[in-house]
Amino acid sequence: MTAEGTTEVPTPTAPAPAKVVVSRRGRRPNPRIAQMKRTWYFLRRNTLAMVGIVILVFFIGIAIYALTQPIPWTQLQQQCASAGINPPTPGSGCVCTYYAGSANPGPGCYQTPLNYPSEIAPTFDLSHGTLGPYPMGSLTVAPNNPVFYNIFTGLLRGADWSLGISVAIVGTGALIGLMVGAISGYFGGWVDEALMRIVDIFLSIPQILFVIIVIAVLVSIPVFQPFDARIALLVLGFVIVWWPFYARIVRGQVLVVREQKYVEAAKASGAGSGRLVIRHIIPNSVYPIFVQMSLDVGTIPLLLGTLVYLDFPIFSTIYFPEWGSMAALSVAGPNGVSTITDALLTCQFGSCVIPWWQFLFPGLALFLYAISVNFLADGLRDALDPRLRR
Amino acid sequence: MRMWIYIVRRLLLVIPIVVGVMTITFALVSALPVQDRLISAFGAPPKNAPGGYSPTIPCSDLNKSQNGTCPNPLYVRDTHKLGLDQPIFYQWGVYIGNALTFQWGYVDNHSGASQSFSQIQGQSVATVLGWFLPYTLELAILSLIIILIVSIPLGNLGAVYRNRPIDQASRVISFSGYALPGFLLGSFLLFAFVLALGPSVNWLDPTCKTETWYQFWVGSWPQQSCYTGEIWPTWLKNGFISSPTGFPTVDAMIHGQWWLAADSLLRIILPALVIAYGTIAGLLRFVRNSMLEVMNLDFVRTARAKGVPEKTVISRHAGRNSLNVTITVLGLTFAFFIGGFPVVETIFSLWGVGRMFVYALLSPYDYGLIFGSTLLFTFLVVFANIIVDVLYAYLDPRVRLG
Amino acid sequence: MPAVAQPTVDRTNLPTVDVAAPSATQGGTLTEPAADAGHSPVVLDVRDLRTYFFTYDGVVRALDGVSFKVRRGETLGLVGETGCGKSVTAFSVVRLIPDPPGRVIGGKVLFRGTDLLWGLDSEARIKIDEKTGRAKVRRSFRRIKTALERMSAIRGRGISMIFQEPTQAMNPVFSVSDQLSEALLLHHGTSIVDELLNATPSGPQVRPALEALVDTARNGAPDTVRAAAAKVGQAMNSSTFGTQAFYLVSESDLGPEDMVRRLERVAHRLRLSRIERAYLRQRRRQMVVEDELHELYLSEMREGHINRRQRRVLRGRHARNRLRGFYYGIWGIRGRIQRPLRDETFWRSVQRLEEVSIANPVQIARGFPHELSGGMLQRVMITMALSVDPVILIADEPTTALDVTIQAQILELMRDLKRRIGTAILLITHDLAVIAEVADRVCVMYAGQIVETARARDLYQHPLHPYTQGLLSSIPNLERPDKKLSSIPGSVPDLIHPPVGCRFHPRCPYAMPICKEQRPPTTAEGDEHTVACFLYKGDVAVE
């Protein structure tokens with residue numbers, strides 16, 4: 001039963017030409033570029049990773065688009081304070097509502113039932129090309145606070161915030177972690193021990209709690225009163241909690257890279273420690289971080305949402321439409337009661353109107369963003385791992 | 001014998017970590033204003049102390065016939081007890097000493113937590129946390145069981161049947177678990193169940209029906225909305241402190257009240273599922289990858305060459321070896337796992353340490369409770385890591401025999 | 001260099017040779033093909049084996065038509081450079097090639113008349129993309145799974161393997177005796193259980209035998225102690241107790257009375273309670289069903305189709321037995337019920353370790369693989385492989401990872417075992433010296449093909465193929481130290497794009513135009529000497 005037939009593999013009549021590599025100015029071709037090409041090839045074959053990249057690019061596009069809009073969203077409070085009394089300016093993103101039975105204040109205002117003032121039946125109206133109050137429902141910003149903002153515009157701007165904050169946190173954290181990990185892994189000895197103990201200590205404290213206590217303590221310092229400083233405090237808190245992850249990963253890789261032959265060769269040709277670390281060790285130890293970085297970019301907006309859900313007072317005077325916070329506000333905090341919980345508490349079976357749009361859309365945005373980032377990270381991990389060769 | 005040596009060595013390694021964590025909290029605590037520190041350490045100032053914890057009081061309150069302000073003796077005494085007039089190293093020593101002996105201060109009677117939950121007023125932080133710890137532990141144990149039961153077989157199967165339907169399914173679970181924040185998933189599940197199940201039966205008195213039936217499905221115990229007067233069983237003080245063991249399900253079984261025990265168990269199944277889902281998401285990929293790695297190792301080939309049936313090769317030889325990596329990774333994800341507790345306990349209104357932590361964040365922060373619960377959670381993580389290491393040594397003879 | 005034959009090849013009137021038809025009859029027990037005149041029967045007949053690996057860089061044609069025969073009791077050496085496909089050959093024979101990325105594409109592997117590669121065609125469809133050279137393989141996982149199931153009947157029973165890195169080859173979390181016991185239980189399970197069930201620890205001859213043992217232990221040579229221990233074993237109908245008694249007696253220094261009492265106590269542990277007996281009988285039933293399953297697999301492979309009904313029946317019995325075993329297992333928490341079986345297999349593995357002359361077998365058996373050295377581990381591996389009395393042992397570079405002194409010990413061990421048991425050995429190595437010591441016949445491999453096959457002596461004295469000649473002349477000669485070291489010019493070809501025609505032609509000093517176009521056929525050039533080279537125009541032989 002030899003395989004002459006269906007499974008016979010034809011041997012080529014002439015050897016295929018070897019891959020021709022263009023050498024530049026006599027230098028050997030860069031192996032890193034070859035590895036990047038190979039990584040991209042594997043990434044391309046992974047459908048999920050491609051889907052993730054597409055969605056991510058879409059979100060980045062939204063963020064860039066939202067950035068071009070001149071709405072100072074951070075001052076929503078002032079802008080929307082007039083909601084319900086005077087129609088707010090179109091394009092401000094605020095929604096004007098009035099209770100059934102009272103007078104209609106003006107065009108573009110929506111009538112809401114008495115008990116759930118934030119409940120506006122959703123309709124899609126994308127025929128307007130501006131960032132106007134598309135009646136896609138609105139969101140209570142704080143309990144019993146008649147301030148609303150339109151969910152759609154919130155989502156658009158939220159891309160900005162989510163992506164921006166995550167990138168800031170991940171970038172800074174990775175930088176610090178890279179340096180600490182490289183120093184720890186390269187020098188070894190008691191430096192390594194001490195730094196790794198510190199990393200262990202940081203990693204033993206649950207992340208959310210750590211962020212909360214850092215921010216809770218630092219928020220009372222007067223430096224952190226203005227809004228921008230609060231955002232910076234948020235980023236600082238996360239960076240303090242997050243750098244140990246990167247440090248540990250980098251150190252593991254540095255320990256491997258340190259034993260490689262080219263490091264020995266560079267040392268033998270007289271390179272000093274600093275030059276060695278910067279030119280040889282760090283560029284080769286960076287790869288495992290990329291996977292972790294992409295994962296973290298996805299999970300940080302979720303953590304921000306969790307913080308808001310726990311009604312952490314740092315945000316009590318800030319209304320910023322970040323996806324996580326929008327999703328959290330829709331679902332309730334322990335102290336405020338969101339409309340959804342409220343509805344569930346008081347409604348009778350069969351006559352419930354639950355404003356599902358308040359958590360579905362921000363939640364969906366959050367979910368799609370996180371999952372796309374995760375697809376990408378997983379694809380990267382499979383592509384970069386030499387042991388899962390196909 | 002070697003095992004005991006290993007355990008002792010591992011316990012010794014824990015000490016610098018614990019001290020380090022306490023140092024971090026100490027650093028944060030010392031950044032607080034003095035008033036807050038005093039309140040969190042000693043509780044509210046006694047009622048008869050004029051001026052409370054302010055540094056100076058009018059001299060006339062001290063029966064001194066001077067004008068102006070004199071130093072407040074209470075303030076002076078308490079700051080001396082804390083060591084605030086000594087160098088910072090001394091303060092650190094005092095703090096570490098107190099923390100190690102579980103003297104974590106007192107509850108602030110004017111904080112948001114005390115206002116919402118009056119029974120904790122005046123108690124020491126350690127006592128309060130001790131009341132709530134068993135609920136958290138029950139939830140944790142149930143979640144861990146679910147995690148292990150689901151992630152290990154699923155991960156192993158995902159590795160064996162690589163890229164086939166079961167691998168894709170486990171990928172879906174893993175990705176969606178990462179992408180869904182706990183509060184969203186938990187809230188959504190809660191709403192779905194509450195809507196679906198409708199009014200519930202109050203096991204304490206089945207004849208009592210109430211309109212706010214939502215309250216029967218959340219919380220650690222049925223709410224008291226039907227009754228006035230004392231309805232709790234005698235072994236359940238104040239509605240949540242159960243004796244003798246403190247674990248409500250166990251105590252209900254000890255006292256023979258099986259329906260209460262079942263009720264208590266049912267109330268933590270949904271939160272356990274939510275927590276487990278998040279952790280499984282992270283763990284599943286690791287289990288799968290470690291299993292893939294192990295299946296490529298030499299001894300698996302040897303086992304096949306010996307004629308061991310394939311199923312036994314996978315479950316016994318490969319599975320046992322990949323269990324080591326799995327357990328290590330589980331140890332590493334404990335911090336994340338525990339971090340999910342405040343949110344889930346809040347959603348489902350369980351009487352746990354996480355929920356107490358969230359209460360402590362209500363408007364006037366209760367620093368004693370905040371730092372106390374952080375320390376407690378950290379201890380749990382460290383303890384879990386020790387157990388994981390010991391388990392690892394038990395499973396892998398290379399570690400314990402050297 | 002020896003004189004070479006004429007460079008021209010006359011192919012017009014080559015005599016045709018009949019292919020020896022396999023005389024395996026359908027059905028019945030395994031039969032071997034009719035013996036060639038004067039030679040022992042062939043146990044392993046590999047014909048035209050092809051194995052390809054489908055990778056990102058292209059299709060690696062690792063084996064392209066490998067054929068050889070192994071006869072009963074002979075040692076066949078497979079020599080070649082690193083990367084020529086020797087290990088791949090071994091793995092292909094027992095189908096241990098990791099399926100992505102590799103596959104056995106074609107050929108026949110006849111083991112005592114049964115084709116181990118049965119069902120290969122239906123398992124995968126392969127499409128080659130001509131432009132990039134990469135392949136798309138569509139596998140039918142169910143068929144692959146059934147094929148591997150069938151192989152489990154052969155592996156370990158008829159064909160055993162030992163591998164190259166002994167330190168990596170054993171499972172680090174199980175003790176040595178656990179792993180040896182696994183092999184023993186798989187293949188000798190029923191006899192072990194039977195012996196355990198028939199042990200009589202309280203017969204009248206036991207006590208006097210024990211006393212005799214203790215007497216000899218005090219002042220006797222180890223041999224006599226062993227003999228006395230064996231008598232004890234006979235008295236108890238349990239050979240393993242003899243071993244156990246021997247070690248107990250040699251290691252401890254109690255007084256004679258205490259010793260005897262202790263031995264009696266240990267002997268009484270062999271008295272089985274009712275539930276232990278029930279468990280053992282249950283295990284025995286399970287093993288019997290497993291054996292029947294394996295017989296079924298063998299007959300399926302032989303007859304060429306799957307007997308679904310019988311298989312289902314057996315599987316059902318197997319599952320029921322496992323369920324019952326699970327029930328018993330619950331009874332004996334922490335293995336209390338399994339303890340007699342574990343002890344029995346422990347002492348059996350100690351016996352096996354003794355057979356390969358390992359000192360301290362008890363200590364080694366209790367220990368873990370990471371505590372042993374490479375040489376020791378390789379001995380244990382050999383023990384495991386031979387514990388089942390296989391027909392053929394495939395040794396994949398068993399000594400490459402060991403020092404020369406240990407190497408010598410292992411080779412001596414293999415020779416000794418060959419003499420005693422008569423297993424055929426397929427020895428794969430790149431070390432010509434090892435071949436010279438152990439092998440009866442040798443196959444030389446180059447780049448996935450066999451270029452020359454001969455008896456060991458003939459190969460070393462009259463190498464025919466230019467590659468063999470190059471190999472042999474590159475060995476440094478101690479008697480002529482001033483001679484320059486010669487080597488074969490060029491390097492091993494890339495198996496993704498192998499040279500067309502004869503794969504050796506780029507490095508061959510006698511390359512002719514025809515070598516670049518056609519693959520040379522294997523021709524017979526003497527008694528049991530075949531070569532694949534256009535330099536020789538002997539009769540075309542089909543190996």
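Caption draft 1: View of the overall build of chain B. The secondary structure content of chain B amounts to 18 helices and 4 strands. When the 402 residues of chain B are sorted by exposure, 42% land in the buried category.

Caption draft 2: Spatial organisation of the overall build of chain C. A tally of regular secondary structure across chain C gives 16 helices and 15 strands. Taken across its 543 residues, chain C has 44% of its residues classed as buried. Long-range pairs, those at least 24 residues apart, make up 66% of the contacts in chain C between residues at least 6 apart in sequence.

Caption draft 3: A look at helix H13 (residues 310-332) of chain B. All names here are of chain B. Here H13 spans 31 Å end to end across 23 residues, near enough to the 33 Å set by a 1.5 Å rise per residue. Residues of H13 that are buried include every one of Val313, Ile314, His317, Ala318, Gly319, Asn321, Ser322, Leu323, Asn324, Thr326, Ile327 and Leu330, and no others. Considering only its buried residues, H13 is in contact with helix H6 (125-160), helix H11 (258-295), helix H12 (298-306) and helix H17 (367-395).

Caption draft 4: Representation of the packing of H6(B) against H17(B). All names here are of chain B. It is the contact of H6 with H17, at a shortest axis distance of 10 Å, that shows an interaxial angle of 55 degrees. The pairing of H6 with H17 is recorded here as oblique in orientation. You can see that H6 and H17 cross each other, and the crossing is right-handed. Along its contact with H6, which presents Val125, Ala126, Leu129 and Leu133, the element H17 presents Gly368, Leu369, Gly372, Ser373 and Leu376. A per-class count over the contact of H6 with H17 returns 6 nonpolar, 3 polar and no charged.

Caption draft 5: Region of the structure containing the environment of B:Val381. All names here are of chain B. Within the fold, Val381 resides in helix H17. Judged by the 23 C-beta atoms lying within 10 Å of it, Val381 falls in the buried class. Taking the C-alpha atoms as reference points, Val381 and Gly331, separated by 50 residues in sequence, lie 8.3 Å from one another.

Caption draft 6: View of the nonpolar core. Counting 310 residues, the largest nonpolar core has B:Met356, C:Leu213, C:Val232, C:Ile392 and C:Leu426 as the members making the most contacts within it. With 16 residues, H11(B) is the largest single contributor of residues to this core. Both domains that furnish three or more residues to this core are identified here as domain 1 (23-170 + 386-543) and domain 2 (200-268) of chain C. Those residues in contact with C:Val232, other than ones at most four positions away along the chain, are C:Ala209, C:Leu210, C:Leu213, C:Phe241, C:Gly242 and C:Ala245.

Caption draft 7: The arrangement of the packing of helix H3 (residues 176-198) of chain C against helix H12 (residues 374-386) of chain C in detail. All names here are of chain C. Viewed as axis vectors pointing N to C, H3 and H12 meet at an angle of 20 degrees, and their least axial separation amounts to 9 Å. Judged by the angle between their axes, H3 and H12 are roughly parallel. Note that H3 runs across H12; the crossing there is right-handed. Note on element contacts: H12 touches H3 through Val380, Thr383 and Met384, opposite Val176, Gln179, Leu180 and Ala183. Along the lines of polarity and charge, the residues of the contact of H3 with H12 split into 5 nonpolar, 2 polar and no charged.

Caption draft 8: Region of interest: helix H1 (residues 2-30) of chain B. Taking 1.5 Å as the rise per residue, H1(B) with 29 residues should run 42 Å; its terminal C-alpha atoms sit 43 Å apart, in good agreement. On its buried face, H1(B) sits against helix H5 (189-204) of chain A together with helix H2 (34-42), helix H4 (88-100) and H17 of chain B.

Caption draft 9: Structural detail: the environment of B:Gly307. Along the chain, B:Gly307 falls in the loop between H12 and H13. In this structure B:Gly307 touches C:Ser152, C:Arg155, C:Gly156, C:Arg157 and C:Leu186, once residues within four positions along its chain are discounted.

Caption draft 10: Structural view of the interface of chain A and chain B. Contacts between the two partners involve 44 residues from chain A, matched on the other side by 46 residues from chain B. Take the side of chain A that touches chain B: its biggest share by element is 8 residues, from helix H6 (residues 207-218) of chain A. Partitioned by chemical class, the residues of the side of chain A that touches chain B number 31 nonpolar, 10 polar and 3 charged.

Caption draft 11: Broad picture of unusual backbone geometry. Its identity is not glycine, yet B:Ser349 carries a phi of approximately 55 degrees, on the positive side. Topologically, B:Ser349 is positioned in the loop between helix H15 (341-347) and helix H16 (353-360). C-beta crowding within 10 Å serves as the criterion here: with 18 such atoms nearby, B:Ser349 is assigned to the partly exposed category. Notably, C:Glu397 is not glycine yet its phi reads approximately 45 degrees, a positive angle. Position of C:Glu397 among the secondary structure elements: in the loop between strand E9 (392-396) and helix H13 (404-421).

Caption draft 12: Here's a closer look at the confidence of the model for chain B. Residues at a pLDDT of 70 or more form 88% of chain B, whose mean pLDDT is 82. Averaged pLDDT values over the elements of chain B bottom out at 61 in helix H9 (residues 214-217) of chain B and peak at 91 in H6(B).

Caption draft 13: Layout of the domain arrangement of chain C. Partitioning chain C into domains gives domain 1 (23-170 + 386-543) and domain 2 (200-268). Here domain 1 of chain C and domain 2 of chain C have C-alpha centroids that lie 49 Å from each other.

Caption draft 14: Representation of the sheet that holds strand E2 (residues 58-71) of chain C in the model. Residues and elements named next belong to chain C. Pairing is antiparallel across the open sheet formed by 4 strands, whose spatial order is E2-E1-E4-E5. Each edge of the open sheet is held by one strand with a lone partner, namely E2 and strand E5 (114-115). Taken together, the 2 bridges between strand E4 (residues 102-111) and E5 define a ladder with antiparallel strand orientation. Bridging across to E5, Leu110 finds its partner in Asp115.

Caption draft 15: Layout of the pairing of strand E1 (residues 42-55) of chain C. All names here are of chain C. Most of E1 is tucked away, with 12 of its 14 residues classed as buried. Sheet topology places E1 next to E2; 11 bridges connect them, and they run antiparallel. Looking at the pairing, Phe54 lines up with Val59 of E2. The antiparallel hairpin formed by E1 and E2 contains 2 residues in its connecting segment.

Caption draft 16: Spatial organisation of the confidence of the model for chain C. Residue and element names in this part refer to chain C. When pLDDT is averaged along chain C, the result is 80; 90% of the residues meet or exceed 70. Note that residues 1-37 has pLDDT below 50 and, in this model, 47 contacts with residues that lie over four places away or in other chains. Scoring of the predicted complex yields 0.81 for pTM and 0.87 for ipTM.

Caption draft 17: Region of interest: the environment of C:Ile488. Take C:Ile488: it is sitting in the loop between helix H16 (466-473) and strand E13 (522-524). C:Ile488 sits 19 residues away from C:Arg507 along the chain, and the two C-alpha atoms are 7.0 Å apart.

Caption draft 18: Local environment of the pairing of E4(C). Residues and elements named next belong to chain C. Counted residue by residue, E4 has 9 buried out of 10 residues, so it is predominantly covered. As judged from the 8 bridges shared by E1 and E4, these two strands associate in the antiparallel manner. Note on E4: the bridge partner recorded for Leu44 is Phe111. What sits between E4 and E5 in their antiparallel hairpin is a turn of 2 residues, with Arg112 showing a positive phi close to 50 degrees.

What counts as what
- Residues numbered from 1 in each chain as written.
- Chains lettered and ligands numbered in written order.
- Predicted model: local features only at pLDDT ≥ 70, side-chain atom pairs only at ≥ 80, totals over all residues.
- Helix = DSSP H or I, 4+ residues; strand = E, 2+ residues; numbered from the N terminus.
- Buried ≥ 20, exposed ≤ 12 C-beta atoms within 10 Å, placed from the backbone.
- Contact = placed C-beta atoms within 7 Å.
- Expected span 1.5 Å × (residues − 1).
- Axes fitted to C-alpha atoms, helices over the stretch in contact; angles between N-to-C directions.
- Parallel < 35°, antiparallel > 145°, perpendicular 65-115°, else oblique.
- Left-handed = near helix turned anticlockwise from the far one by under 90°.
- Nonpolar A, V, L, I, M, F, W, Y, C, P; charged D, E, K, R; others polar.
- Core = buried A, V, L, I, M, F, W, Y, C linked by C-beta atoms within 7 Å.
- Domains from an automatic or database assignment.
- pLDDT = per-residue confidence, 0-100.
- Pairing = 2+ DSSP bridges.

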